[in-house]
Structure formats: C-alpha cells, structure tokens
Amino acid sequence: MVKSLNIIREEEIGGILIQEYEEFKLESPSFLIVGFPDAGLVGGISLNHLIRELNPKEIAGIDIPRLNPPIAIIRKGEYHPPIRIFKKDNILFLVSEIPIPANTVQPLSYAILEYCMRRRVDYVIGLTGIGSTERLNKEKPDVFIAYEGDQAKRMILINEGKVFDEGMLMGPFAIFLKEAKRFNLQSLIILAESFPDLPDPEAASVAVEYLSKILSIKISIDKLLEEAEYIRLRTKEIMKQTAKVMGQMGRSAEAQPGILYT
Amino acid sequence: MVKSLNIIREEEIGGILIQEYEEFKLESPSFLIVGFPDAGLVGGISLNHLIRELNPKEIAGIDIPRLNPPIAIIRKGEYHPPIRIFKKDNILFLVSEIPIPANTVQPLSYAILEYCMRRRVDYVIGLTGIGSTERLNKEKPDVFIAYEGDQAKRMILINEGKVFDEGMLMGPFAIFLKEAKRFNLQSLIILAESFPDLPDPEAASVAVEYLSKILSIKISIDKLLEEAEYIRLRTKEIMKQTAKVMGQMGRSAEAQPGILYT
Amino acid sequence: MVKSLNIIREEEIGGILIQEYEEFKLESPSFLIVGFPDAGLVGGISLNHLIRELNPKEIAGIDIPRLNPPIAIIRKGEYHPPIRIFKKDNILFLVSEIPIPANTVQPLSYAILEYCMRRRVDYVIGLTGIGSTERLNKEKPDVFIAYEGDQAKRMILINEGKVFDEGMLMGPFAIFLKEAKRFNLQSLIILAESFPDLPDPEAASVAVEYLSKILSIKISIDKLLEEAEYIRLRTKEIMKQTAKVMGQMGRSAEAQPGILYT
Amino acid sequence: MVKSLNIIREEEIGGILIQEYEEFKLESPSFLIVGFPDAGLVGGISLNHLIRELNPKEIAGIDIPRLNPPIAIIRKGEYHPPIRIFKKDNILFLVSEIPIPANTVQPLSYAILEYCMRRRVDYVIGLTGIGSTERLNKEKPDVFIAYEGDQAKRMILINEGKVFDEGMLMGPFAIFLKEAKRFNLQSLIILAESFPDLPDPEAASVAVEYLSKILSIKISIDKLLEEAEYIRLRTKEIMKQTAKVMGQMGRSAEAQPGILYT
Amino acid sequence: MVKSLNIIREEEIGGILIQEYEEFKLESPSFLIVGFPDAGLVGGISLNHLIRELNPKEIAGIDIPRLNPPIAIIRKGEYHPPIRIFKKDNILFLVSEIPIPANTVQPLSYAILEYCMRRRVDYVIGLTGIGSTERLNKEKPDVFIAYEGDQAKRMILINEGKVFDEGMLMGPFAIFLKEAKRFNLQSLIILAESFPDLPDPEAASVAVEYLSKILSIKISIDKLLEEAEYIRLRTKEIMKQTAKVMGQMGRSAEAQPGILYT
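Residues numbered from 1 in each chain as written. Chains lettered and ligands numbered in written order. Predicted model: local features only at pLDDT ≥ 70, side-chain atom pairs only at ≥ 80, totals over all residues. Heavy atoms only, no water.

## Topic: the overall build of chain A
Thought 1: Regarding its fold elements, chain A presents seven helices and 12 strands.
Thought 2: For chain A, buried positions account for 55% of its 262 residues.
Thought 3: For chain A, long-range pairs separated by at least 24 residues make up 75% of all intrachain contacts whose partners lie at least 6 apart in sequence.
Thought 4: Carbon and sulfur atoms make up 53% of the accessible area of chain A, which totals about 12,400 Å². (Helix = DSSP H or I, 4+ residues; strand = E, 2+ residues; numbered from the N terminus. Buried < 20%, exposed > 50% of the residue type's maximum accessible area, 1.4 Å probe, protein only. Contact = heavy atoms within 4.5 Å. Areas by Shrake-Rupley, 256 points an atom, 1.4 Å probe, with all protein chains shown as cover.)

## With respect to the pattern of salt bridges
Thought 1: Scanning all chains against the criterion turns up 130 salt bridges over all chains.
Thought 2: The shortest N-O distance in the salt bridge between D:Arg75 and C:Glu166 comes to 2.4 Å. Here D:Arg75 is found in strand β5 (residues 71-75), whereas its partner C:Glu166 is found in strand β11 (residues 166-170) on a different chain.
Thought 3: For D:Arg75, a relative accessible area of 14% puts it in the buried group.
Thought 4: What makes C:Glu166 exposed here is its relative accessible area of 52%.
Thought 5: As a salt-bridge pair, D:Glu11 and D:Arg118 come within 2.6 Å of each other at their nearest N and O atoms. Of this pair, D:Glu11 sits in strand β1 (residues 9-13) while D:Arg118 sits in helix α2 (residues 102-118), placing them 107 residues apart in sequence.
Thought 6: On the accessibility criterion, D:Glu11 (11% relative accessible area) is buried.
Thought 7: Of the residues examined, D:Arg118 reaches a relative accessible area of 39% and is grouped as partly exposed. (Salt bridge = Lys/Arg side-chain N within 4 Å of Asp/Glu carboxyl O.)

## Examining the relation of the copies chain D and chain C
Thought 1: For the match of chain D to chain C, the screw axis carries a shift of 0.1 Å, the RMSD comes to 0.1 Å, and the turn is 72°. Taken together, these values place the two copies in the relation of a five-fold axis. (Least-squares fit on C-alpha atoms with pLDDT ≥ 70 in both.)

## Some words on helix α2 (residues 102-118) of chain A
Structural remark: α-helix, 3.6 residues per turn; residues separated by three or four positions point the same way.
Residues and elements named next belong to chain A.
Thought 1: An ideal rise of 1.5 Å per residue puts 24 Å on 17 residues; α2 measures up with 25 Å between its terminal C-alpha atoms.
Thought 2: Every buried residue of α2 is accounted for by Thr 104, Val 105, Gln 106, Pro 107, Leu 108, Ser 109, Ala 111, Ile 112, Leu 113, Tyr 115 and Cys 116.
Thought 3: Of the residues flanking the end of α2, it is Arg 120, one or two places downstream, whose phi is positive at about 60°. (Expected span 1.5 Å × (residues − 1).)

## Some points on the interface of chain D and chain C
Thought 1: In this complex, chain D contributes 28 residues to the contact, which on the side of chain C involves 27 residues.
Thought 2: The interface formed by chain D and chain C contains four salt bridges.
Thought 3: Measuring nitrogen to oxygen at the nearest pair gives 3.0 Å for the salt bridge that ties C:Lys178 to D:Asp63.
Thought 4: For the side of chain D that touches chain C, the elements supplying multiple residues, two or more each, are β2 (16-20), β5 and β6 (78-80) of chain D.
Thought 5: Sorting elements by how many residues they give to the side of chain D that touches chain C places β5(D) first, with five residues.

## Some thoughts on the packing of aromatic side chains
Residues and elements named next belong to chain D.
Thought 1: Scanning the entire structure with this criterion turns up 25 aromatic pairs over all chains.
Thought 2: An angle of 50° between the planes, with centres 6.3 Å apart, marks the rings of Phe 144 and Phe 164 as tilted. Of the two residues, Phe 144 is situated in strand β10 (residues 143-148) and Phe 164 in the loop between α3 (150-158) and β11 (166-170); the sequence distance between them amounts to 20 residues. Taken as a pair, Phe 144 and Phe 164 share a single burial class, namely buried. (Phe/Tyr/Trp six-rings, centres within 6.5 Å; stacked < 30°, edge-to-face > 60°.)

## Comments concerning the interface of chain E and chain A
Thought 1: Tallying the contact residues gives 27 residues for chain E and 28 residues for chain A.
Thought 2: Overall, the association of chain E and chain A removes approximately 2,200 Å² of surface from exposure, summing both partners, and the carbon and sulfur fraction of that is 55%.
Thought 3: Inspection of the chain E/chain A interface yields four salt bridges.
Thought 4: The partner of A:Lys76 in a salt bridge is E:Asp165, and the shortest N-O contact between them spans 3.5 Å.
Thought 5: Counting the contacts that link chain E with chain A gives 13 residue pairs in polar contact (both at pLDDT 80 or more).
Thought 6: For the side of chain E that touches chain A, the elements supplying multiple residues, two or more each, are α2 (102-118), β10 (143-148), α3 (150-158), β11 (166-170), α4 (172-179) and α7 (257-260) of chain E.
Thought 7: Looking at which element gives the most residues to the side of chain E that touches chain A, the answer is β11(E), with five residues.
Thought 8: Looking at the side of chain E that touches chain A, its residues break down into 15 nonpolar, five polar and seven charged.
Thought 9: Summarising the sheet, strand β5 (residues 71-75) of chain A and β11(E) pair through five bridges and their orientation is antiparallel. The partner of A:Ile74 across the bridge, within β11(E), is E:Gly167. (Buried area = accessible area lost by both parts, 1.4 Å probe. Polar contact = N/O pair within 3.5 Å; in protein donor to acceptor, adjacent residues only side chain to side chain. Nonpolar A, V, L, I, M, F, W, Y, C, P; charged D, E, K, R; others polar. Pairing = 2+ DSSP bridges.)

## Digging into the side chain of D:Ser205
Thought 1: Position of D:Ser205 relative to the elements: it lies in helix α5 (residues 201-215).
Thought 2: Excluding its chain neighbours within four sequence positions, the residues that come into contact with D:Ser205 are D:Ile221, D:Leu224 and D:Leu225.

## Overview of the packing of helix α1 (residues 42-54) of chain E against helix α5 (residues 201-215) of chain E
Residue and element names in this part refer to chain E.
Thought 1: Closest axis-to-axis distance for the α1/α5 pair is 9 Å, and the angle between their directions is 60°. In terms of orientation, α1 and α5 fall into the oblique class. Both α1 and α5 take part in a crossing whose hand is right-handed. Touching Val 42, Ile 45, Ser 46, His 49 and Leu 50 of α1 are Pro 201, Ala 203, Ala 204, Ala 207, Val 208 and Leu 211, all from α5.
Thought 2: For the contact of α1 with α5, the per-class residue count stands at nine nonpolar, two polar and no charged. (Axes fitted to C-alpha atoms, helices over the stretch in contact; angles between N-to-C directions. Parallel < 35°, antiparallel > 145°, perpendicular 65-115°, else oblique. Left-handed = near helix turned anticlockwise from the far one by under 90°.)

## Description of the confidence of the model for chain A
All names here are of chain A.
Thought 1: The pLDDT averaged across chain A works out to 88; a share of 90% of its residues lies at or above 70.
Thought 2: At the level of individual helices and strands, chain A shows its lowest average pLDDT in helix α7 (residues 256-260), which scores 26, and its highest in strand β3 (residues 31-35), which scores 98.
Thought 3: Note on residues 249-262: pLDDT under 50 across the span, and 10 contacts to partners over four residues away in sequence or across chains.
Thought 4: Scored by ipTM, the complex comes to 0.85, with pTM at 0.85. (pLDDT = per-residue confidence, 0-100.)

## As for the environment of C:Ala228
Residue and element names in this part refer to chain C.
Thought 1: Within the secondary structure, Ala 228 is located in helix α6 (residues 222-248).
Thought 2: A sequence separation of 103 residues divides Ala 228 from Ile 125, and the C-alpha atoms of the two residues are 24 Å apart.
Thought 3: Leaving out residues up to four positions away in the same chain, Ala 228 has contacts with Pro 201 and Glu 202.

Printed below as a string of structure tokens:
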C-alpha cells in the first residue's frame, strides 16, 4: 500500500475544488499539459502515457462537488479525485478519468485557467483527437495545431507545426483558446487525426511526438505503437468474423451496405 | 499564417458579447446582411458566397458565453467565434457557422437588433430557404420577400419583388420582422424555395441575385451554379444506385412506397 | 399589397402582449368567438370559415414574447402575430394559427379572459372538436355544449342545445369554464364530434351552424360541406390503395388487425 | 339540467384550492373516504360505487390551479373540478377523476390532510388496489390494511382486518400514513388485490365490503359483481380470439411466450 | 401486531429527516454498517441478512421528504420509512429499501456522515457489489476493500484485506471515502465481486464474512449460501428452456449471436 495523499491546501474556484498535496513552484517557461477522454481517447491515452514514461509526481487533484452521481477513483484501495494533477520540473500534467459532464464544462474550464494564472503557468497545452473517416487509409495519422498568443505562434513556427486549417473544436479546449488572453496564457491544442470510435494509441503517439518537440524533452512512444499494433490485429479479427457471419446469412457482405444505410 | 484578430472593443447585450476588431463607421443607407444554417443551407451558402465574391473585411465577432458545449471555430490555426461579422463599404455581413441553440435564439436576435441600432444600420436583410417539395420540379427556384417598414416596402416595389403570400417563419427572422419598428430598422427577409434536406446552392443563387438588385451591386453567381450542378449529378447517381439495390431485393422500387409508409 | 397593421395600443397581461390596430367599442350583448388548432382542426377551420364568410376586420393581435422558437405569420409579405383578433359589429373573433405550447396555455387563457373583461365582452364562446371513433358511422356529427353562467344556460335552452353529458375538456376552454364567474363572463363551448386525426370540415360546419343560431345571424356552411366532400373522396381513395397493397402482400387485409394490434 | 354548484367559500392550502358549495359540520367519529385512479382502478371504481349506492351530496371540489394542461370535468354541460368531495352524515367522500401528476402529489396530499384537520375529520380512509399476478387464480381477491394511530389499530382488531404484511406503498397514501400523527388523524388504507392492468370491480367490491364493516353501514356490492362478471366474459372472449389468430400464424399459442419474452 | 414505532426525536440535516425511536449511546469503537440496493443487490442482501442473524433493534429511520413519488414501507400493517437504522451493542445498521434517487444521493450521503459525527460513530462501513463478467467462472467471488483513514488502513492490514486495486466507485460510498476526514470518520467499503444483473447472495456472503472479521463477531452465512444455491438452480433451468425454445426456431442457439448483434 502506498502513502495516502494529504490535502495541505484547497482552493475553490467557481464551485470547483482544487486540492494540493504539497507545496510547489514552477520555473519559467512553465507548462500545463491537459487530456480528457475524447474521440479515439487520444487525450486520455496520451496523458496516461506521459505519466507512465516521465513518472511525474501526483501533487494535486480536482474535485467537482456537484458531480451527480458522485464518483471516486480508487487506486490501491485509496480515494483519488476524478481529475488528477502531476508535476515534473516545470511541467504540470492534468488528466481526467471521466468525461466532463455537460453542465461542468464551463466552470471546470474557467477554474483550470484561473488556477494556471495563480500558479504562474505560461503555456496550457491540450492533447486531443479529431475523429476522421480517412484515418483508416493513412500510414501515419496527421497532427494539427490550434493556438492563441504570440509565443504559442512562434513555438509552432520553430517546431514546424501544421496549423489546423479549418474546423470546429468543442469543449474545454474551445475555452482555452477563446480565453487565453484574458488569463494571460499561451494556448496550444495538439489535434491528432484519430479513429472516431476506437481507442487510437497511434494517434496518441503522434500527439505525444509533437509535444516532445515543443517541450524539448525526449519521450519514447514505443509502448503506444505496440498497443496500436495489438488493437489493429484485434480489429482485423473482428472484421473477418463479421464477414463470415454475414456470409452465412446467405447474402454477401458487400451487398449489404446499400440496404443497411437506406 | 494570417494576422490574429485583436479585440479592441466589447459590448455585452443581454448575455451576448459583440467583439469588434477595428473602428468603423457606416454611411447611409447602411445594410446588415444575415445568414444562418437553415433549410437547404441557403443562409449559410449565400453568406459564404458573398464573402468569397465581395471579399469584405472581418471586423467583429459574436461570442455566446452560455453556449454549451462551448464551440470554437478554427481558421488557419486561430480561434474565431462561431458568428462572424464582415464589412465592405456601407454593408455588414453576419454569418453563423452553427445552428443557433433554441435557448439562444431570443437573446441573440435582440442583441443583433440592438447592435444594428447602435451602429446605425438602416436595413437588416435576412437570406434563408423555405423547404419546398415542389422544388425538384422547377427550372429555377422562386424567391419571395417578407418585410417590415415603409422604405423596405418601397425597395421591393422598385425591385419587383414577389411578396411571400402566406406562411410561417420561425427563428431570428421572425423577431427581425416583429421588432423592426421598435429598433428603428427596415427589415427584409429574402426567402428562396429550396430542397428541405439537401444543400441547395441554386436556391442560394436566386437569393443572392435578388440581394444584388436591392444593393445595386453586381455579384457573380457562377460558382453557386457550378456547385448546384455538381450536387445535382451526385444526387442522380445516388438515386440510380438506390433503385438498383431495391431491384436486387426482388421487388420493384415503385411497389415499395405503399408498404414503407404503412 | 395591403395596408400594414399599425399598433396604436399595447396591453401586457401576465407576459402576453395584446396589440390593437384601431380604436373600437363593443355594444351589448358582445361576443368573443375563439378557435385553436385542435382535434379534427374544428376550431381552426371554423374560425377561418367565419372570417371568410363574415369578412370581419383585423383589429388586434396577440404576441407571445416568450414563444420559442419565435414564430411570425406572414401574409402578403407582412408580419402578423400568430394569434389574430377580428371584429364585426358586436362580435370579436380570435383565431390562433399555432397550437398553444403547454407552458403558455395558462398565461394566454387568463390574458384572454382579462382582456374580455377590459373590453366589456359578455359572452366568450369556444368552438372545438371532440375526437370520436363513432364519427365515421354517422350521417351528421353531433354537437354538444358546455357552459358556465345563467345567461349562457338560458341561451342553450332557447336554442335547443344538447349539453355535453359527461367528459373531460383540456386546455384554454377548461379555464374559460372554470374562471368565467371570476371574470364576470358567460362561457359557452361548442363541441362537435370529429375525426380524431383528420381535418374535419363537416364537424366544423355543425359547430358553425349552432353558433349562427346563438348569434342569430345567417352564416352559409356550403364551402365547409364542399371541403368535407373532397376530403371524404380522397380518404376513400387512400383506403382502396392501402387494401390493394396489403392484398399484394399475400394476406388479406381483414386478417391483419389481430396481429397488428398484438 | 341540474342546479349549478356555487362556491360559497374557498381555502387555498399550499397552492391547492378547496372550494365549498355549502356550509357543513361533521359529527364525531367523522370519516374521509379517498379514492384515486390506480392499479385496477380500485380507488376510482370503489368511490364511484359508494357515490352511486349511498347518494351523498356534492359539497366541495378541489382545484389544482397549476395543472398543465388545465382540465375541466363536464357533467350535464357544467364545469366540475377534477377532484370532488361528497358528504353523507358524518362521512366525506373524495374522488379524483384524473391521475394526480407527479409534481402535485406532495402539495395535494398535504392539502387534504390539512383540510381534514380544519374540518375535524377523525379518520382518513384510502381505498386502493395492489396489482398482483396471483389475482387471476383466486376465487375472491384478498384485502389488506395498512394503518397509523391507536384507534385505527383497534378498529382493525375489532373488524378482523388482515394487515398488509410487507410491501411498498407509493403516492398520497404513503403521506397519509407517514403524517397522520402530525395532523392528529387516524389513517387506514384498504388494499385489495387486483389485476395490474385491467379495471377490477371485484377487487373494488372486497374493498367496499371491508369499508362497510368499519363504517358499520350496509352497502350493496351487487352492481360491482355484475360489472366484474361482464369484464370476465369479455376478457375470455379476447383471449379466445387471440389464441385463434396465433393458431392461424402456424404456431401454437403455447409455444410463443418463450420467444415473445426473449 | 407489533408495537408501533414512536418518534421521540427528529433531526433535520440538509432536507433529510432522521427520526429516532429511542435514546441510545454508542461505546467506542463504534460502527455504522451501510447497504443500499446495488449491483447484485449485495448491499441490500447483506444488510437484511445481518438483521436476520444478529437481530438488532430498530432505533431510527430516515425520511426523505422531497421523495417523489412519496414511498411508505409497510411492515405488519404499519408505516416504516424507506431507510431504517438498527442497533446492537456498539454497531448501527443502516439499510435502504429503495434505490436512492439521483437528486438525493448528495444530501442523503452528507446527512448520514453528519449524523455519524453527532452520534460519535468511529467507523462507517459500506457493503456493496461490483458487477463482474468473470463472476460466473469463479468458485468463490473475491472481496476487495477501499478505505480512508489511518485506523481503517491498520484494520485492513490486520485482517488481511485485499485492497481494491484500481477502479471507479459511484454513489454515496464515493462521498463516504472522499469526505471521511472532514467528518472525523474512518471509512471502509467492502466490495464483493457479483453478478451484474442477478441477485447474488453468495457475493453477499463473502462481504459479510469479511465484515465479521473486522467486527470480530461470528456471523453465520449458511442461509446466504442456501439462497445462492437456489438461484443457481433456477438460472440453469431458465437457460435450458431458452436453449430449447431457440432450437425450436429452426436455428441452433450458437448460430444466433451474429444475427442478434446486427
């Protein structure tokens, strides 16, 4: 059993509780890396991979008191809040185990931005997937950047980022971009092309790859690629079985779509 | 990458934020042309076409802070609000990338009218489609006008507009007509007969054509007609395929409707 | 194009706006005849027929500012509110183009009663249908009366009305009966047996017929009977086609119901 | 036509209006017998039977102003509120024509208890059904009692009531039991085993039978038993027809359930 | 008939009423054992078994006044609140007969914790199931512990508890863990692997077994194992019948899944 997390300080921002387990200070330039469960689970997979590889320390958690039903994340028998914050050097990592309920997106997003300002974070960087139907046909998924702020812009130029040309972004990251200036932050959202409905570790790998460039730190993506290979094999197997079953139904699988989609 | 949009001025009207990127003044007679995503996407297609052809300057945006989930429109990597306002000479163009959520129609419509009054707009002109089942059988879709105000009426008489004889209009344009007098505005709504469910650039073309008459400026509609032709061809192709699939089912396509509608 | 309606006076009653287009006075005994879209559309059809036959003048409208989505009725290109009030001699006619949304039934009903009191209406008379499965088998639909008040009662006795023996009445007319006394009004609701789901001009004709007795004015119902005949023929045609299609399915139409209703 | 009901006195209790048509006084021991539309319609059938047999006088009604849509009960052309109160000697009878909407159960139940206290009612007695799958196999449905208060308890002992051993009771009667003491009342709920989905006059008959014991007055249940017999015959007929139709489908009716319930 | 429960004291905590039937005092170390209807009904079955075996005294109840519809639990004809509290020596038992409605989970959980603090409870112990698809293949279901507080931790070490390694816990127990420290309590949640959808007395038996270790009192689980055996036999029987029916459909049961999941 591990040592319990003791809350030494609690801040309430617009109904959201941020609970810190230890004192800490960030040196400039400082970063907050953020991932939520989303399309292809890119945000969740990426953040959990970063935590696995870089082994940052859990230094805070976010409790959403209004959450209904209330949810506890249990690890080694102990309570953890559904959103956890880790720290390594000048980088904070924020990862949510649960999809953010609709009525909490606004207050939570603003609480994170306000907290960044109070803890002197310079860059808030989101990792997420954009579900794409062309994803299946590509050797390697593309990665795009959306940003707000002059330093964020320069950072993309230096690191040869492809900007997200035209599209829509929903959820907390929309607020991170819209309100960056008001909270004196630089915002970057790294969007990796991903399967719309399947977990996509390969999409996470390209997001992490680009992040490592920005942060100028080496992060291995080998485990993500292994997981991607495993999912690819399983998916193929499922497709074969489906085709077989449809064949047994006395019609060829290829003849079905026209009717099924009518 | 383009120059970022800097907000130099922000007005809050009933919970709606109007953010201007530069100082501007309108000369009389001044116009606000408005399009929302609607039946046949006539409003959206028309406004985007006007922006493509006339190349007005993006001078303001409308943020709906209560929007849930929050939405950011990204262009060339940068944040844009979901509703944008452009200006060319004495004409403003307002286009929304998103359908207006039901609980926002009232405050947004009133905010637009109030903003028109503050910026001395004389005419507010909406472009929209009216889904019609007879649309398919017509060479060229019809265009109808609804209006409020004496000068709007004279403008239609001069430009030989066919008035919308009898029907129902829902959404922001209902408020534009109802409240024109209270906000000291002339209102015109240009309604083009359109497909109820398919994007209809040809319907947009007749709406734009009538608008160009009213504004006394030349606007090419060639690109809209090309897009219409492309959609027409694709639709025919889909219909052929459907007929083929239904034939394979062992019943003629013509025999189906009676059963399908039971 | 017709002359626009100019609002010369506006009364706000419990969130409902009543807008008058001209000064008027009613002589005693005065009446308000009311119809909403309802079962068999009896209320709507009846009121529109009365307006067609008696040619009363549009003198006021009712705006429901909270309506969501907002709705504008357009006639000859101009805005009309969804509820209109007409006047001929000592009779007002109130007709709604839209079904009243659930959250508006209470405030609208009370606003109408309050307005009746202020404008010295003596009798408020509702026309409506009661959907009946026996309607199909009858030569001529029956008409029943519900009422409140001594003079209303006498009026029915004189005009040989059949009272509505036992049943339930929902919507504005329930409030018209319940609150008649409080607003110093006589209430009569004329209920015509009607098709539950089809427009039923014949049901409207018997409601109008009884109304003409009460008001002691001659109103032709010829056009309603013509429309009824037209609907009857079209319905028969649809039924024939349905039987034919069901026959083609290899089972007789008569054998189906037992299974369909299981 | 009957004499209208004139409200001579109105009490508003927590948003519920109790309207009395005449002055009355109850002698001790006084009773309020209550029935709502419920499982097997036992409450409604019982109360309507009591009114038919004992011919009490309609002396009050309960109006629920917040009811949406508003509902009027019409009898002989005249308005009646959806809940009516009758009186005979020292007994009040309260019967609702409509199921109580969820958001009204609490305020209505408390208003009834408060009214009982103000009018010096000693016993509030509810009649209701408990839907039971074993109902079909029984010669005569069982009747059970739930109660609150010492005198209620004694009354059951004297009248050899079988107590309701274990179960759940939902709706107004749950509040009648829970709050009896607070309102200085004795509560009895008579629960008759009933069909869950069919009107069950026989279940009503055993409830009424036990009530007549408690009240020590003779009440014939012949008409309820006749109605029960009629329903029994019709149900059998429907079952026969169903079996026949299912037989025509080429499978025996007995083989179906396993599939139907899958 | 049993003696009625008389409320001698009532505490209102955040809209929840805790009603005590007698004076009592708890000696240290004191416990509150809690069970709700949940996955596999482990909480409900366990608590009802504990009450059956240890025969504690009913000393309090919890009323949820806002409950809609209101619910009364009837036992031997008398009203009981839906949540009951029993006492034996230094142990309180809290069992709910009803699933807690979503909008009541928060206030009820906090009211229980507050009540524990006021009545000097040291340990609050929840019993619950975690639905597991592997449950079917196991000889004996596993039991896991989640906890909060140093003494709770020591207690698990002494009693060789397996901690719940990683997972999510929803509902009141999430709050019991999260808020233990704030209310000066030790929290333990005993989670037994259970069928997700079937009542699972065997899962309850392992939860009770571990509880008896913690409390150092002997509790027989024989009756739970008998009930488990009975359910096992009935389930097998249902499965056999299903297979038979599916065989009669002319396809083997094994061939179905592909089609059923289409």
